[in-house]
Amino acid sequence: RLLEFRPATASERDGSPFAGAQRSAPMLLRRLFELHGKPFALVHGLVASHVASLTHQEVATQTLQQMLERHPAGVGRTDVAIGARPVPRDVAVLLGVPRRRAVLVMSRSTRSPCDEVLDHTQLYIVPEAWEFGITLDHSREATTLVAQPAQLRGTAGEGSSRGG
C-alpha cells in the first residue's frame, strides 16, 4: 500500500546522498507491505526525481528496482546492508511492533553507471516474517538478493519481492 509519494523536503534530504548539489529534488517514497492483513515491511526512502513521472498506480505496484531501471542511464550499482535495530516510533506504529523492538533494516543505496544517486532507502522488516537468500551467479558476475515472506505470525507466506 502506497503511503506517501511526493517531492522530498530539504530537511528530509539532509544526511543522505541526495543532500547538496542535485539538479532536482528526489521523491520521498513510503510503502507498507501486508500479508493476510498484517503488516510485515515498510519501505521508506528517497528515490531519484525521474520516478516522479510514474503514475500513482505504477509507484504502488512496481518494485523499487523496476522504478529505478526506468532511469535514462540505467542502474549501475546497488549497495545493500542488513542489520537489526530499534525502529522509530512512526515505523513501529505502522508495523504494529513495540517501539523499542529491533527489526531487520535493509539499507539500500543505488547509483547509475555515471555515479548519479538513484535511491537511498530503508526497508524495515518484521524479522519473523522474512527469509533472505543470496544468489551468486559467477558466470554473469552478478549477485541477486532475494527476499521473500516466510511464515507470518502462524500464517504461511506467499509471493516474493525482488530488489526492494
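Residues numbered from 1 in each chain as written. Predicted model: local features only at pLDDT ≥ 70, side-chain atom pairs only at ≥ 80, totals over all residues. Heavy atoms only, no water.

1. A short note on the overall build of the protein chain
Stated precisely, the cut-off is as follows: The numbering of helices and of strands both runs from the N terminus, where a helix is a DSSP run of H or I of at least 4 residues and a strand a run of E of at least 2. Here the term buried applies to any residue with accessible area under 20% of the maximum for its type, exposed to any over 50%, and partly exposed to those in between, with areas from a 1.4 Å probe on protein chains only. In what follows, a contact means two residues having at least one pair of non-hydrogen atoms within 4.5 Å. For the area figures, the Shrake-Rupley method with a 1.4 Å probe applies, and any residue is considered shielded solely by the protein chains shown.
Secondary structure assignment for the protein chain yields four helices and nine strands. For the protein chain, the proportion of its 164 residues judged to be buried stands at 38%. Counting only contacts in the protein chain whose residues sit at least 6 apart along the sequence, the fraction spanning at least 24 positions is 53%. Only carbon and sulfur atoms are counted for the fraction: they give 49% of the accessible area of the protein chain, which is about 8900 Å².

2. Examining the environment of L94
With respect to the helices and strands, the residue L94 is situated in helix α4 (residues 89–95). Relative accessible area serves as the criterion here: at 23%, L94 is assigned to the partly exposed category. Sequence separation of L94 and F40 is 54 residues, and the distance between their C-alpha atoms is 9.3 Å. Excluding its chain neighbours within four sequence positions, the residues that come into contact with L94 are L3, R30, L32, P39 and L42.

3. Concerning the sheet that holds strand β1 (residues 2–7)
Definition in use: Pairs of strands are assigned from DSSP output, requiring at least two bridges between the strands. All axes are obtained by fitting lines to C-alpha atoms, using only the stretch in contact for helices, and the reported angles, taken between N-to-C directions, cover 0 to 180 degrees.
Read from one edge to the other, the open sheet built from six strands follows the order β1-β2-β3-β6-β5-β4, with strand pairing classed as antiparallel. Looking at which strands have only one partner, the edges of the open sheet turn out to be β1 and β4 (77–86). Neighbouring strand axes in the sheet, compared pairwise and without regard to direction, differ in orientation by 15° on average. Strand direction decides the pairing type here: β1 and strand β2 (residues 27–35), joined by five bridges, are antiparallel. Bridging from a neighbouring strand, F5 pairs with L29 of β2.

4. Quick look at the pattern of salt bridges
Filter applied, for reference: Definition used for salt bridges: Asp or Glu carboxyl oxygen within 4 Å of a side-chain nitrogen of Lys or Arg.
Applying the stated criterion across every chain yields a total of nine salt bridges. Across the pair E4 and R30 runs a salt bridge whose closest N-O atoms are separated by 3.3 Å. Remark: R30 occurs in strand β2 and E4 occurs in strand β1; sequence separation between them is 26 residues. R108 is the partner of D119 in a salt bridge, and the nearest nitrogen-oxygen pair spans 3.4 Å. Taken together, the residues D119 in strand β6 (residues 117–125) and R108 in strand β5 (residues 102–111) connect sequence positions 11 residues apart. Assessed through its relative accessible area of 0%, D119 is described here as buried. Ionic contacts of the salt-bridge type, sharing partners, join the residues E4, R6, E12, R30 and D90 into one network.

5. Remarks on the nonpolar core
Inclusion rule: Only buried residues count toward a nonpolar core. Its members are Ala, Val, Leu, Ile, Met, Phe, Trp, Tyr and Cys residues joined through side-chain atoms within 4.5 Å.
With 32 residues, the main nonpolar core has L29, M67, V87, L95, V97 and Y124 as its most contacted residues. The element contributing the most residues to this core is strand β3 (residues 38–47), with five residues.

6. Examining unusual backbone geometry
The phi angle at H36 is positive, at roughly 55°, despite the residue not being glycine. Within the secondary structure layout, H36 lies in the loop between β2 and β3. Phi angles above zero are rare outside glycine, and D115 is one such case at about 70°. Tracing the backbone through its elements, the reader meets D115 in the loop between β5 and β6.

7. Quick notes on the confidence of the model for the protein chain
Applied cut-off: Here pLDDT means the predictor's own confidence in every residue, given as a number from 0 to 100.
Confidence along the protein chain averages 80 in pLDDT terms, with 77% of residues attaining 70 or more. Between the elements of the protein chain, mean pLDDT differs from a low of 38, seen in strand β9 (residues 161–162), to a high of 94, seen in α4. Across residues 151–164 the pLDDT falls below 50, and counting only partners more than four positions away or on other chains, this stretch makes 44 contacts in the model.

8. So, the environment of R31
Note the cut-off: Two N or O atoms form a polar contact when they lie within 3.5 Å of each other; inside protein one atom must be a possible hydrogen donor and the other a possible acceptor, and for residues adjacent in sequence the pair counts only when both atoms belong to side chains.
By the element assignment, R31 lies in strand β2. Separated by 14 residues in the primary sequence, R31 and G45 have C-alpha atoms spaced 9.5 Å apart. Among the polar contacts made by the side chain of R31, one reaches the main-chain carbonyl oxygen of V59 at a distance of 2.5 Å. In this structure the side chain of R31 is engaged in a polar contact, spanning 2.6 Å, whose partner is the backbone oxygen of Q62.

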